[in-house]
Amino acid sequence: MVYCISTGHGCNNNCVMCVVRRDDNKVFEKICTEDIFRQIDRMPEDEKEIVLTDGEPTIRDDIFDIIGYIRKHRPDASITIVTNGRMFYYSGFSDRMASSGNVRIITEIHDGSREMHDRITGCEGSFEQTVAGIKNLLRHGMDVEIRVLMHKMNYRNLEATAKFVRNHFSGVSRVVFFPIDLVGNARKNIESLAISLEEIMPHLEKAIDILKNDFDVKIYHIPYCKIQKGYRDFVYGKTVEDARLFFAGDCESCSFYRSCPGLWKTYAKHVDSAVGLIGG
Ligand code: SF4
């Protein structure tokens, strides 16, 4: 089981597909250190994995206090940080994180090209920092998972992005591809982002072919019936609660139903062709 702790919505990127709504005029309320400690205190005894997430956990100046608090009060729990990876560009920061012991990192490469990655994050220089950050973490032997969120701006480049990952990030523990959930900024920018899964799939298949021999590759939240037989072994089960997922009426009679990750509800609602093949 996974226990997610929100470290607040502040971020040093402003990604076009961020699931946290980012209103340019709004200053997000900061979650104070004590609030985060209280979230940790509320964690049920049987939970064994803490995920620090929401905005960008690593820009908090108390991030190492939070890790220290978890270590002290829940020594049996593993820690995962969902991050854009930019802070790890600073070797003092990545060194300190590495010495915090057994922290797992989940980060994102949006595109193998610097220009497109920075366009997607809305921050010039973010590509350079994230790439250097991942390399710093790998140098320390840390457990790093790279995610590629697929949408209209980057799906044609998936093959090139896979080659970039293969050539630069040997040693990452997992590479995950998935379509975006159309909420937050992604909903606001839906015209520039929404694309049918049928258009994504041929590019995704080529990307998987490039990576599959050297990396643990997974596909999140594309239903089995949208994927060619040879690629179904890469499908990972559900990663979120059922309320965010769409299944068609006749899915229950499908042989994949028990392990199928379904489709984002928002995709089924806003992308006309998304539902077409489900159950077909
Ligand atoms: S028909 Fe439904 S359960 Fe079967 S693979 Fe498609 S989405 Fe999943």
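Residues numbered from 1 in each chain as written. Predicted model: local features only at pLDDT ≥ 70, side-chain atom pairs only at ≥ 80, totals over all residues.

Chemist: Quick one: what's the story with the nonpolar core, residue by residue and with numbers?
Modeler: Formed by 62 residues in total, the largest nonpolar core has its most connected members in Met17, Val144, Met150, Ala207 and Leu211. Counting residues per element, this core draws most heavily on helix α9 (residues 197-211), at 7 residues. For Met150, the residues in contact, after removing those within four places along its chain, are Tyr155, Leu158, Phe177, Phe178, Pro179, Ile200 and Leu204. (Core = buried A, V, L, I, M, F, W, Y, C linked by C-beta atoms within 7 Å. Buried ≥ 20, exposed ≤ 12 C-beta atoms within 10 Å, placed from the backbone. Helix = DSSP H or I, 4+ residues; strand = E, 2+ residues; numbered from the N terminus. Contact = placed C-beta atoms within 7 Å.)

Chemist: Lay out the pairing of strand β2 (residues 49-53) in plain terms, naming residues and giving numbers.
Modeler: For a regular strand, the rule is simple: side chains alternate between the two faces of the sheet. Side-chain alternation along β2 places Ile50 and Leu52 on a buried face and Glu49, Val51 and Thr53 on a face that remains uncovered. Strand direction decides the pairing type here: β2 and strand β3 (residues 78-82), joined by 4 bridges, are parallel. What sits directly across from Val51, in β3, is Thr80. For the handedness criterion, the β-α-β arrangement of β2, helix α2 (residues 63-73) and β3 is classed as right-handed. (Pairing = 2+ DSSP bridges. Right-handed = clockwise from strand over helix to strand, strands pointing away.)

Chemist: Describe the site of the ligand, and please don't skip the residues or the numbers.
Modeler: The environment of the ligand is formed by 13 residues, the closest being Pro223, Cys225, Cys251, Cys254 and Cys260. Among the residues making up the shell around the ligand, the classes are represented as 11 nonpolar, 2 polar and no charged. (Near = placed C-beta within 6 Å. Nonpolar A, V, L, I, M, F, W, Y, C, P; charged D, E, K, R; others polar.)

Chemist: Which residues make up unusual backbone geometry, and what are the values?
Modeler: What you tend to see is this: most non-glycine residues have negative phi, and most peptide bonds are trans. The phi angle at Asp54 is positive, at roughly 110°, despite the residue not being glycine. Here Asp54 is to be found in the loop between β2 and α2. Non-glycine residue Asn102 carries a positive phi angle of around 50°. Positionally, Asn102 belongs in the loop between α3 (91-98) and β4 (103-108). The exposed category is assigned to Asn102, around which 9 C-beta atoms lie within 10 Å.

Chemist: Give me the lowdown on the environment of Phe234, citing residues and values where you can.
Modeler: Along the chain, Phe234 falls in the loop between β7 (217-219) and β8 (245-246). Remark: the alpha-carbon pair of Phe234 and Asp216, spanning 18 residues in sequence, is separated by 8.8 Å. Setting aside anything within four residues of it in sequence, one finds Phe234 in contact with Ile208, Val217, Lys218 and Ile219.

Chemist: Could you give me a rundown of the packing of helix α1 (residues 33-41) against α2, with the residues and numbers involved?
Modeler: Orientation of α1 relative to α2, taken along the N-to-C sense of each, is 30°, at an axis distance of 10 Å. By the angle between their directions, the pair α1 and α2 is classed as roughly parallel. In terms of crossing hand, the pair formed by α1 and α2 is right-handed. Where α1 approaches α2, its residues Thr33, Ile36, Phe37 and Ile40 are matched on the opposing element by Asp65, Ile66, Tyr69, Ile70 and His73. Residue composition of the contact of α1 with α2, by class: 6 nonpolar, 2 polar and 1 charged. (Axes fitted to C-alpha atoms, helices over the stretch in contact; angles between N-to-C directions. Parallel < 35°, antiparallel > 145°, perpendicular 65-115°, else oblique. Left-handed = near helix turned anticlockwise from the far one by under 90°.)

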